[in-house]
There are 2 protein chains.
Amino acid sequence: MAESWSFLDTFEPDFRPLVVIELAKGAKEETIEWFTKRVVDKKANGGAQLLVKPLVTENGDENIYLVGASHLRLLLGAETVGLVKECNDNSMRTFTYSSRKTFKDFADDNHNFLTMAESQYIIKHELENLRAKDEKIIPGYPQAKLYPGKSIVRRLLTSGILVQIFPLHDREELKKLRHSWYGRVKVGYQPLDEIRCYFGETIALYFGFLEYFTFALIPMAVIGIPYYVFAWEDYDKYVMFATFNLLWSTVILEVWKRICAIMTYRWGTLLMKRQFEEPRPGFHGVLGINPITGREEPVYSSIKRQIRIYLVSVPFVCLCLYFSLYVMMIYFDLEQWALDYHEENESNFSSLMLFVPSIIYAVVIEIMNRIYRYAAEFLTSWENHRLESSYQNHLILKVLVFNFLNCFASLFYIAFVLFDMKLLRQSLATLLITSQILNQFAESLLPYWLQKRQKKRLKKRMCSLKTDTDLSLVEQVNLEREMGTYFGTFDDYLELFLQFGYVSLFSCVYPLAAVFAVLNNITEIYSDALKMCRVYKRPFAEPTANIGVWQLAFETMSVISVVTNCILIGMSPQVNALFPDSKMDLMLTVALVEHLLLAIKFIMAFVIPDKPRDIQIKLAKLEFESLEALKQQQMKLAAESLKE
Amino acid sequence: MAESWSFLDTFEPDFRPLVVIELAKGAKEETIEWFTKRVVDKKANGGAQLLVKPLVTENGDENIYLVGASHLRLLLGAETVGLVKECNDNSMRTFTYSSRKTFKDFADDNHNFLTMAESQYIIKHELENLRAKDEKIIPGYPQAKLYPGKSIVRRLLTSGILVQIFPLHDREELKKLRHSWYGRVKVGYQPLDEIRCYFGETIALYFGFLEYFTFALIPMAVIGIPYYVFAWEDYDKYVMFATFNLLWSTVILEVWKRICAIMTYRWGTLLMKRQFEEPRPGFHGVLGINPITGREEPVYSSIKRQIRIYLVSVPFVCLCLYFSLYVMMIYFDLEQWALDYHEENESNFSSLMLFVPSIIYAVVIEIMNRIYRYAAEFLTSWENHRLESSYQNHLILKVLVFNFLNCFASLFYIAFVLFDMKLLRQSLATLLITSQILNQFAESLLPYWLQKRQKKRLKKRMCSLKTDTDLSLVEQVNLEREMGTYFGTFDDYLELFLQFGYVSLFSCVYPLAAVFAVLNNITEIYSDALKMCRVYKRPFAEPTANIGVWQLAFETMSVISVVTNCILIGMSPQVNALFPDSKMDLMLTVALVEHLLLAIKFIMAFVIPDKPRDIQIKLAKLEFESLEALKQQQMKLAAESLKE
């Protein structure tokens, strides 16, 4: 492996490894040669024109390559992916190589103009867009078919020749980030801009949302505490609390859109154009013509997919929902049994036993959620969606429906069938707290502990006693490639979504839920930060302009919570006492209030602009400029044409 | 006035008058000269480069000018306004002069490549975009201030120097259109494509919607007839009818979006880019800097506008609403009086008298609606909105709220306060039928009759006895400039909106409403067609891709109608008889059904795609092509940069 630099046309003295490519151990020599040649080959020849260097490891039987790129190459790549950067006049504009001088902090020798995360994103994009020309197969693997335009990296991945591609950590930067994020004990905001520079927009936006959501819950928590402390049971106070909660939850979701717009404008992703979506790696079908691109690519009949969805997935999901309800009924049996036991032999032990069924049920719910998650992923992948976005939407829908029912069915049952507010309060508290503890443990602490152990083992094997930061490159790569992979923000948002359900669905019965949510979220920020920095491989940055479908999910939850809270208040004995003669009047009043609240919610959502005024002006300015430029161009053309 | 052609650089033998400009009778010579010079001046000098010819009239004291343009000029204008036309490969693309050969039916000598309506739209656009350069005032009118970039035509209009600009009819085309539209007695679709060619997309879309809506009402009408004929009063039949109605109204509104997309794709407006919106003509303020364009233009503080809206407009609207409710109470007094009278002296006359209050009330409602309409226009214009779209939204909101309350308050009162279903049915029928008759009369027949009389007078004055079609150009212009101006589709949509309310809000009480609506709409199509072709000046074509805010208005109405119908069914004695013991159970069931229906509505609206699959594919194809072109360009640039 002495020919490490031989692929390069020019000698690049400051080769900076950005991305690691790990090929299978037994990968054939001719395949590796062909692949690396394609990666370093000139753009004009259909290559990616990147720099590649093999990593010489101890035993040498691993095929690990480091990928980098020249500064110029990265700048051109930034134009290709449509990166938006800040200009000298503080406006945000799409970066182009020809207008590079107008951008803030640009200098031909400033290699930090693009952040490391951006550079890695560009390299990932270029690698994924390395497409087959006239190759019919991957050299050395006749069973791995190719066709013109097929992404080579995706085929290598699905054929198992490519094990993984991941971006390298920057030990120095990470240390700085860790310090300002959770290293010192301080109260304050997270360094979101630094998180974005290091991990990209999707992850920064998640932490931004987590932080915002925590702050937004504080008023609810503060108002909720006296209800618990003084055991306020007056109906007017409850109505006030619930009304405040419902309107507040609308306000916070609307305001989040504005804050999100401010952040993503600053980060440039609000202005980024959507890229054309290629088929997802796992998509398969018979070769046909794509009606949109006119290219030859696998085509899978939409009817077949519909059949799979409606004849297999939907019944399966219904079965799972039924099973979840069945488990719920078992829980109620257990609950009854514990109650009987407590009544028969009253003791401290037996009163403790009262909580056991709830705790067991909470654990079972968590386990069922996790098992179902795998099933949902398998099914959605089997449905063979062409686009990643469509895959994600179907997966999210499946998971949300099940998790919602699984987590809240027992509470709905207690509230609206058993009418047992005391049990509801107790169940809610147990479910919320148990699931929070379980989540914190399973998500961050357990992996962190495993990771620590493994690192120790690895260090021992390497016979080195150096500290974290002066690991050699080889050690660093070996360490990082063994780390777990972070599969995106899905689970984190899901957790917040369910928490929002616990807080808002029955808020008028258990005002303390918001307090627990706030406490949990504060530790959640730290444990998630730990997870990102210490436990998982660095993920590739993903530019994004909003939290996507989660906004809709949270809004739906807040609509459902209007309905549940109105019914709960209507059922409370205090309110019932106000209408001693006529249940009709009570019901009518409740229905009226509910419809009014819903109407106010929708009007508020409609009236509050999604973007703050200054962002609107900035966007309008950009649009005006591009229209103006187009008009100028046409005017020139017109003047020329008319002169002839 | 012999120098008629002197402004033209080139002699244009086939000058075709497209647009008429009428200047005030006493307009100063220097102003006219300056203005016409600007209109014909070269683009490079800031002119519009159009052709102008004065119309030599009998008495000669009128300043009327005919505007046309060379074929080349129109083609370049088509590019400027971003017209989308069909290509040779049947795809729709934005027209550019350089790619003109790829468009269907394009030939250098085919002057019908652009329809007359398109040509007129282009000329209007060019005239409106004729902007002041360094003029500070309009020559001859020192009080009419100008500033760089101000639209000259708009200043001339607001100063009263320019009386009107309108497009000329094409007698031949109009005759053909009339014949295929309503000339022969036949059952079938309207010639929407021809209407669009002649009147533009906005008007064609209105007629498309009217036709679609009429067809969509037919199933409701057909199902409703037996309920009336056999006087079905079983609760299950009512529930079925109402459920069908509610789901049907969701389906038709969703399907309309798809049909609208199909039509506007064919017409090219679905793909048209939104133009940058200039301030509306009436907007005034102190000269300042527009933060978006950076240009000097009038600026009006947003806070002042908010004050006007919230401190004047909102209280005024509330006062009007109160007044409307007051009138309603008087109506009920009248109603009571008529009932008493009928009971005292029972006779044919007295039973006829029972209908009189309703009819009077219906007439009063119509009158109030029309008066309020003027007030709303005045107020909204006084609020001084910068953009036409913002003006329109505020106007529509004001008018909708008032009309909704004015038309339906009495029905709500009868249904939910008096609980008198018989009176509700009678009131609904009277209101619906009276308002339909009044509308047809006031909107089309009256103006048509006035127009006919005026035309006769004019013809007498002209001492000519020729038929319509061989009027000379002078006669035609004189005739058309006296015609009324069509102020857009607002009133037509409003009428449909209120009709939709009558049909859907209380559909389960009066299933026959749909029958009347269908009958009315069939005549409405003919009377509106008559109105467009015979009564009003030809309006300028307005490209549009959808029915805009009306879609939202209709959807809101269909949500409200779910609530009203559920309550009505819940109140019916038949349903009450099913729950003899417990009003609670009845209310719960009604509330549950209502929420279920609402949920189904929202899910349906979410699930049904807004655009049919083939349109989606065509749009995706276009997007892909433009991204591909951009990528190619970048690749080329990148290859060049990397070669250096």
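As recorded in an unreviewed UniProt entry, chain A goes by the name Anoctamin, listed as coming from Psophia crepitans. The UniProt entry for chain A carries the following text under Sequence similarities (unreviewed entry): "Belongs to the anoctamin family." Regarding chain A, the relevant UniProt record gives this comment under Subcellular location (unreviewed entry): "Membrane".

1. Some remarks on the overall build of chain A
Each helix and strand in chain A was counted, giving 20 helices and 10 strands. Over its C-alpha trace chain A gives a radius of gyration of 28 Å, about what one expects of a compact globule, namely 26 Å for 644 residues. Here the C-alpha coordinates of chain A stretch approximately 90 × 75 × 55 Å along the principal axes. Taking all 644 residues of chain A together, the buried fraction comes to 52%. Taken as a whole, chain A presents about 30400 Å² of accessible surface, with 64% of it coming from carbon and sulfur. Separation of charge centres in chain A, based on 69 positive and 72 negative side chains, amounts to 5 Å.

2. Quick notes on a negative patch on the surface
Together, Asp340, Glu343, Glu344 and Glu346 of chain A give the surface a local cluster of negative charge. Tracing the sequence through the fold places Glu346 of chain A in the loop between helix 9 (302–344) and helix 10 (348–353).

3. Some points on the domain arrangement of chain A
Here the domain parsing of chain A yields domain 1 (19–168) and domain 2 (612–643). Placing the centre of domain 1 of chain A and that of domain 2 of chain A at their C-alpha centroids yields a distance of 35 Å.

4. Notes on a nonpolar patch on the surface
All names here are of chain A. Together, Ile303, Ile307, Tyr310, Leu311, Val312, Val314, Phe378 and Trp382 make up a nonpolar patch on the protein surface, roughly 820 Å² of accessible area in all. Of all the elements in the fold, those that place two or more residues in the nonpolar patch are helix 9 and helix 11 (356–382). Top contributing element to the nonpolar patch by residue count: helix 9, with six residues. Locating Trp382 in the fold gives a position in helix 11.

5. As for the packing of aromatic side chains
Remark: the centre distance and the inter-plane angle together describe each pair of aromatic rings, the angle taken between the planes. Taken as a whole, this structure holds 71 aromatic pairs over all chains when the rule is applied. Ring geometry for Phe500 of chain A and Phe554 of chain A: centres 5.3 Å apart, planes at 35°, overall tilted. Of this pair, Phe500 of chain A sits in helix 15 (residues 490–505) while Phe554 of chain A sits in helix 17 (residues 549–571); the two residues are 54 residues apart in sequence, bridging distant segments of the chain. There is no split in this pair, since Phe500 of chain A and Phe554 of chain A are both buried. For the ring pair Phe209 of chain B and Trp256 of chain B, a centre distance of 5.0 Å and an interplane angle of 70° mean the geometry is edge-to-face. A residue pair is termed long-range when its members are at least 10 positions apart, and Phe209 of chain B in helix 7 (residues 201–229) and Trp256 of chain B in helix 8 (residues 235–267) qualify at 47 residues. Each member of the pair, Phe209 of chain B together with Trp256 of chain B, is buried. Just above the ring of Trp382 of chain A sits the side chain of Arg308 of chain A; from NZ or CZ to the centre is 4.4 Å.

6. Describing the pattern of salt bridges
All names here are of chain A. Summed over all chains, the structure comprises 61 salt bridges over all chains. Residues Glu126 and Arg73 are paired through a salt bridge, measuring 2.9 Å at the closest nitrogen-oxygen approach. Placement of Glu126 in helix 3 (residues 116–128) and of Arg73 in helix 2 (residues 71–81) is noted, with a sequence separation of 53 residues between them. Here Glu126 falls in the buried class, since its relative accessible area comes to 4%. The shortest N-O distance in the salt bridge between Glu625 and Arg93 comes to 2.6 Å. Of the two residues, Glu625 is situated in helix 20 (residues 613–643) and Arg93 in strand 5 (residues 92–94); the sequence distance between them amounts to 532 residues. Given the relative accessible area of 28%, Glu625 is considered partly exposed. Accessibility expressed as a relative area gives 25% for Arg93, which makes it partly exposed. Residues participating in the shared-partner salt-bridge network are Lys85, Glu118, Arg196 and Glu201.

7. A closer look at the relation of the copies chain A and chain B
Two chain copies here: they are related by a rotation about an axis and a translation along the same axis. Of the transformation superimposing chain A on chain B, the axial component is 0.0 Å and the angular component is 180°, with the fit at an RMSD of 0.0 Å. Both copies are brought into coincidence by an operation consistent with a two-fold rotation axis. By residue overlap, the copies meet face to face through one surface: 100% of the interface positions of chain A are interface positions in chain B.

8. With respect to the UniProt feature "transmembrane region" (unreviewed entry) in chain A
All names here are of chain A. The sites that carry the UniProt feature "transmembrane region" (unreviewed entry) are, in the present numbering, residues 212–232, 238–256, 309–332, 352–372, 395–416, 496–519 and 586–608. Summarising residues 395–416: 100% helix, 0% strand, and an end-to-end C-alpha distance of 30 Å. Counted over residues 496–519, helix gives 71% and strand 0%. Its end C-alpha atoms are 13 Å apart.

9. Section: the packing of helix 15 of chain A against helix 16 (residues 513–535) of chain A
Residue and element names in this part refer to chain A. Following both chains from N to C, one finds helix 15 and helix 16 inclined at 170°, their axes separated by 10 Å at the closest point. The angle between helix 15 and helix 16 falls in the class roughly antiparallel. Contacts between helix 15 and helix 16 involve Asp492, Glu495, Leu496, Gln499, Tyr502 and Val503 from the first element and Ala513, Ala514, Ala517, Asn520, Asn521, Glu524, Asp528 and Lys531 from the second.

10. A few points about the interface of chain A and chain B
In this assembly, 37 residues from chain A lie in contact with 37 residues from chain B. For the pair chain A and chain B, the two sides together bury roughly 4000 Å², of which 72% comes from carbon and sulfur. Here chain A and chain B share zero salt bridges between them. If you look at where chain A meets chain B, you find two residue pairs in polar contact (both at pLDDT 80 or more). Only helix 2, helix 17, helix 19 (583–607) and helix 20 of chain A provide two or more residues apiece to the side of chain A that touches chain B. For the side of chain A that touches chain B, the element with the most residues is helix 20 of chain A, which contributes 13 residues. Along the lines of polarity and charge, the residues of the side of chain A that touches chain B split into 20 nonpolar, seven polar and 10 charged.

11. Some thoughts on the sheet that holds strand 3 (residues 63–68) of chain A
Residue and element names in this part refer to chain A. The sheet built from four strands is open, its strands ordered 2-3-1-8 with antiparallel pairing. Each having just a single partner strand, strand 2 (51–54) and strand 8 (162–167) make up the two edges of the open sheet. Sheet twist, expressed as the average angle between the axes of neighbouring strands with direction ignored, equals 20°. Bridge count for strand 1 (residues 19–23) against strand 8 is five bridges, and the pairing is antiparallel. Pairing of Ile21 across the sheet is with Ile165, part of strand 8.

12. Concerning the side chain of Ser91 of chain A
Residue and element names in this part refer to chain A. Within the secondary structure, Ser91 sits in the loop between strand 4 (84–86) and strand 5. Judged by relative accessible area, Ser91 falls into the buried class, the value being 14%. Aside from chain neighbours lying at most four places away, what touches Ser91 is Lys85, Glu86 and Tyr265.

13. Structural notes on unusual backbone geometry
Positive phi values are uncommon outside glycine, yet Asn90 of chain A reaches one of about 70°. Summarising the element assignment, Asn90 of chain A is placed in the loop between strand 4 and strand 5. Positive phi outside glycine occurs at Phe419 of chain B, with the angle close to 55°. Position of Phe419 of chain B among the secondary structure elements: in the loop between helix 12 (388–418) and helix 13 (421–462).

14. A look at the sheet that holds strand 1 (residues 19–23) of chain B
Residue and element names in this part refer to chain B. Read across the open sheet, the four strands follow the order 2-3-1-8; overall the sheet is antiparallel. The open sheet has two free edges, formed respectively by strand 2 (51–54) and strand 8 (162–167), since each of these has just one partner strand. Neighbour-to-neighbour, the strand axes of this sheet turn through a mean angle of 20°, independent of strand direction. One ladder, built from five bridges, connects strand 1 with strand 3 (residues 63–68); its direction is antiparallel. Across the sheet, Ile21 pairs through a bridge with Tyr65, a residue of strand 3. Against the sheet, helix 3 (residues 116–128) makes contact with strand 1, strand 3 and strand 8, and its axis sits at roughly 40° relative to strand 1, the strand it touches most. Here helix 14 (residues 473–482) sits on the sheet and contacts strand 1, strand 3 and strand 8; the angle it forms with strand 8, its principal contact strand, is near 115°.

Rules and cut-offs
Residues numbered from 1 in each chain as written. Chains lettered and ligands numbered in written order. Predicted model: local features only at pLDDT ≥ 70, side-chain atom pairs only at ≥ 80, totals over all residues. Heavy atoms only, no water. UniProt positions renumbered as here; feature names shortened; annotations may be inferred. Helix = DSSP H or I, 4+ residues; strand = E, 2+ residues; numbered from the N terminus. Rg over C-alpha atoms; globule rule 2.2 N^0.38 Å. Buried < 20%, exposed > 50% of the residue type's maximum accessible area, 1.4 Å probe, protein only. Areas by Shrake-Rupley, 256 points an atom, 1.4 Å probe, with all protein chains shown as cover. Lys, Arg positive; Asp, Glu negative; His and termini not counted. Charge placed at Lys NZ, Arg CZ, Asp CG, Glu CD. Patch = residues over 30% accessible without salt bridge, like charges linked within 9 Å, V, L, I, M, F, W, Y side chains within 5 Å. Salt bridge = Lys/Arg side-chain N within 4 Å of Asp/Glu carboxyl O. Domains from an automatic or database assignment. Phe/Tyr/Trp six-rings, centres within 6.5 Å; stacked < 30°, edge-to-face > 60°. Lys NZ or Arg CZ within 6 Å of the ring centre and 35° of its normal. Least-squares fit on C-alpha atoms with pLDDT ≥ 70 in both. Contact = heavy atoms within 4.5 Å. Axes fitted to C-alpha atoms, helices over the stretch in contact; angles between N-to-C directions. Parallel < 35°, antiparallel > 145°, perpendicular 65-115°, else oblique. Buried area = accessible area lost by both parts, 1.4 Å probe. Polar contact = N/O pair within 3.5 Å; in protein donor to acceptor, adjacent residues only side chain to side chain. Nonpolar A, V, L, I, M, F, W, Y, C, P; charged D, E, K, R; others polar. Pairing = 2+ DSSP bridges.

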